[in-house]
Amino acid sequence: MNGTQWIIFILIVQVIHFLGTWKLYVKAGRKAWEAAIPVYNAIILMQIINRPKWWVILLFIPIINLLMFPVIWVETIRSYGRNSLLESWLVVFTLGFYIYYVNYALDIKYIENRSLQPKTALGEWVSSIVFAVVAATLVHTYFIQPYVIPTGSLERTLRIGDFLFVSKFHYGARTPMTTIAAPMVHDTLPVVGVKSYLNKPQLPYFRLPGFTKVDRNDIVVFSWPADTVRIFFKKEKGVKKPIDKKSNYVKRCVGLPGDSLEVRNGFVFVNGKQLDLPGSAKTQYDYMIYSSKGVSSRLLDRLGVTEFTRRYLSNPLNQEQAQAVNQYLLGYNQAENGQLELYTKGGGIPANTIKKYGLALREVTDRQRQATLTAEMVDALRKETTIDSVVQQISPKGKRGVNLFPQSPDYPWNYSQMGKLYIPQKGATVALNLKVLPLYKKIIRDYEKNEIRVSGNQISLNGKVVDSYTFKQDYYWMMGDNRDHSEDSRAWGYVPENHIVGTPIFLWMSFDNFVDSKGNPNGPLEWKPRWDRIFTTVNGEGQSQSYLKYFLILLAAYFVGNWFWKRKKSEK
């Protein structure tokens, strides 16, 4: 909806409110016209129902107002003596239109000094729950949102199973564009698995003032621009979602509006200089490890390496054994001698599973093995006497990758070699021709809502032939620290400013074994706490620091102090 349509919609709502309540205003000693003035009528209504005037603010906050409207409807009829449970449900299920019946058909009297205390324990419980949900939704929507890392694109900076608090106020909270949605859930209702929102009506994009802007190297949560997912991890064709209901992604911002960016041999260069990452960043790349004696899985495990493949040889398995090992397998193959080759991730097949099902397995220690390593892991491996060499795996320049931005044969880019490319800045103008168009086509057509046509060598924009384009908003380039295993801007391009959600500020819990070897979520009973990551910071220049012990000290001090306070109080 555009601005004019919203004004018309608001006026219609005001007319509906006036027609349904003007007699109620009069019975409360007010003037009929006071029910017709936008905002002012809400302030007067708060006085009529004996509720604080600041509630009016909640009526104009998207999503929060969906929770407040039913409360106001119920409070309105109760101010005129309609206190039955049946009538409370009627006014809610009729979306407030039961007030018309009260206004015109019933002989009612305004109760000026009615009690605001719930008359039953159930009523008090419901009242507490409603306002707890309102408060939590307000915090969740505009201040802090919990988030869990489901994939390894930022390993080992952020790990699968990390639970984060994401600040929305750092960059300024993005007000909801989707006006009708279930509170405190994203795009899908839990349990039932259905869409949690209506696509229309939509509010224009607006962001509240923040105290900082997205900076280079910030870890950023954003709405995935290329989202076509109705349910996360379930891809479907043709699914169109509002911006604020697209799946949330978290990556590192390596390119800002106006930057020139290039990827050389896997390393990022911005404006001609190699990107200098903060100390908290743990970038990883794929390496081939060589050893004439065989690259030991035990060695890799000792050094903290987890992203590598293990190969086992096994005799044929019975059905029970096959079911037991299946959850750990990446795949299998039939060897020439009849044995099975079983492939797993670095965790392998647990010893207790091997023992329980009587598996006859022998791990093959190959002389060369590929693994995903940080710089610290590479240094440690090169110091091992059993390791001959450790070589980074780099795709050569000119070898075109699969399904990579900008999806054009004119740009034979891959994850190791990309660019140069310009990251668009609001108000900047670029020359537009058939060579450049693939870089900005999605921005012009999808993000900034223009109609593009190509006829011969001519490009038409909204019916007019053009040779340049001026961008309407800022864009960013996001990449995962797990550089060779991250679906990021190298795959789907720029992240628009209106897709930015916030930045992670605190890691309050972390679990190992959060997903199985195939990436499927494990049950909570299988999770294992990573104690060194609990209560740690996320962004910053130095190493992440855990504040768990300080939290436990404060918690213990609180309980001890509370015990002494109660004891002292009881002795008086």
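Quick look at the structure, then. These numbers were taken from a predicted model, which means no experiment stands behind them. (Residues numbered from 1 in each chain as written. Predicted model: local features only at pLDDT ≥ 70, side-chain atom pairs only at ≥ 80, totals over all residues. Heavy atoms only, no water.)

1. Describing the overall build of the chain
Thinking step 1. Counting its secondary structure elements, the chain contains 14 helices and 27 strands.
Thinking step 2. If one aligns the C-alpha atoms of the chain with their principal axes, the spans along those axes are about 95 × 80 × 50 Å.
Thinking step 3. Within the chain, buried positions represent 45% of all 572 residues.
Thinking step 4. In the chain, once contacts between residues fewer than 6 apart in sequence are set aside, the share between residues at least 24 apart is 68%.
Thinking step 5. In the structure as shown, the chain presents an accessible area of about 30,900 Å², 58% of it carried by carbon and sulfur atoms. (Helix = DSSP H or I, 4+ residues; strand = E, 2+ residues; numbered from the N terminus. Buried < 20%, exposed > 50% of the residue type's maximum accessible area, 1.4 Å probe, protein only. Contact = heavy atoms within 4.5 Å. Areas by Shrake-Rupley, 256 points an atom, 1.4 Å probe, with all protein chains shown as cover.)

2. Examining the environment of Gln145
Thinking step 1. Turning to its location among the elements, Gln145 is positioned in strand S1 (residues 144-148).
Thinking step 2. Residue Gln145 is classed as buried on the basis of its relative accessible area, which comes to 11%.
Thinking step 3. Sequence spacing of Gln145 and Leu434 is 289 residues, and the spatial spacing of their C-alpha atoms is 42 Å.
Thinking step 4. Among all residues touching Gln145, those that are not within four sequence positions of it are His140, Leu164, Phe165, Val166, Lys168, Asn248 and Val501.
Thinking step 5. Here the side chain of Gln145 touches Lys168 through a polar contact of 2.8 Å, side chain to side chain. (Polar contact = N/O pair within 3.5 Å; in protein donor to acceptor, adjacent residues only side chain to side chain.)

3. Observations regarding the side chain of Ser223
Thinking step 1. In this structure, Ser223 sits in strand S3 (residues 219-223).
Thinking step 2. A distance of 3.1 Å separates polar atoms of two side chains, one belonging to Ser223 and the other to Arg174.

4. Some words on the pattern of salt bridges
Thinking step 1. For the coordinates displayed, the defined rule picks out 23 salt bridges.
Thinking step 2. In this structure, Lys241 and Asp187 form a salt bridge, with 2.7 Å as the shortest nitrogen-oxygen distance. Separated by 54 residues along the polypeptide, Lys241 in the loop between strand S5 (234-235) and strand S6 (248-255) and Asp187 in the loop between strand S2 (162-167) and S3 bring together distant segments of the chain.
Thinking step 3. The residue Arg483 makes a salt bridge to Asp481 at a minimum N-O spacing of 4.0 Å. When sorted by exposure, Arg483 lands in the same class as Asp481, which is buried.
Thinking step 4. A single salt-bridge network, built from bridges that share partners, covers Asp162, Asp512, Arg530 and Arg533. (Salt bridge = Lys/Arg side-chain N within 4 Å of Asp/Glu carboxyl O.)

5. Observations regarding the sheet that holds strand S17 (residues 418-422)
Thinking step 1. The four strands are arranged S9-S8-S7-S17 in an open sheet whose pairing can be described as antiparallel. Each having just a single partner strand, strand S9 (273-274) and S17 make up the two edges of the open sheet.
Thinking step 2. Sheet topology note: the strand S8 (residues 267-270)/S9 ladder contains two bridges and is antiparallel. The residue of S9 that forms the bridge with Val270 is Lys273. (Pairing = 2+ DSSP bridges.)

Interpretation in functional terms is not warranted from these geometric data alone.
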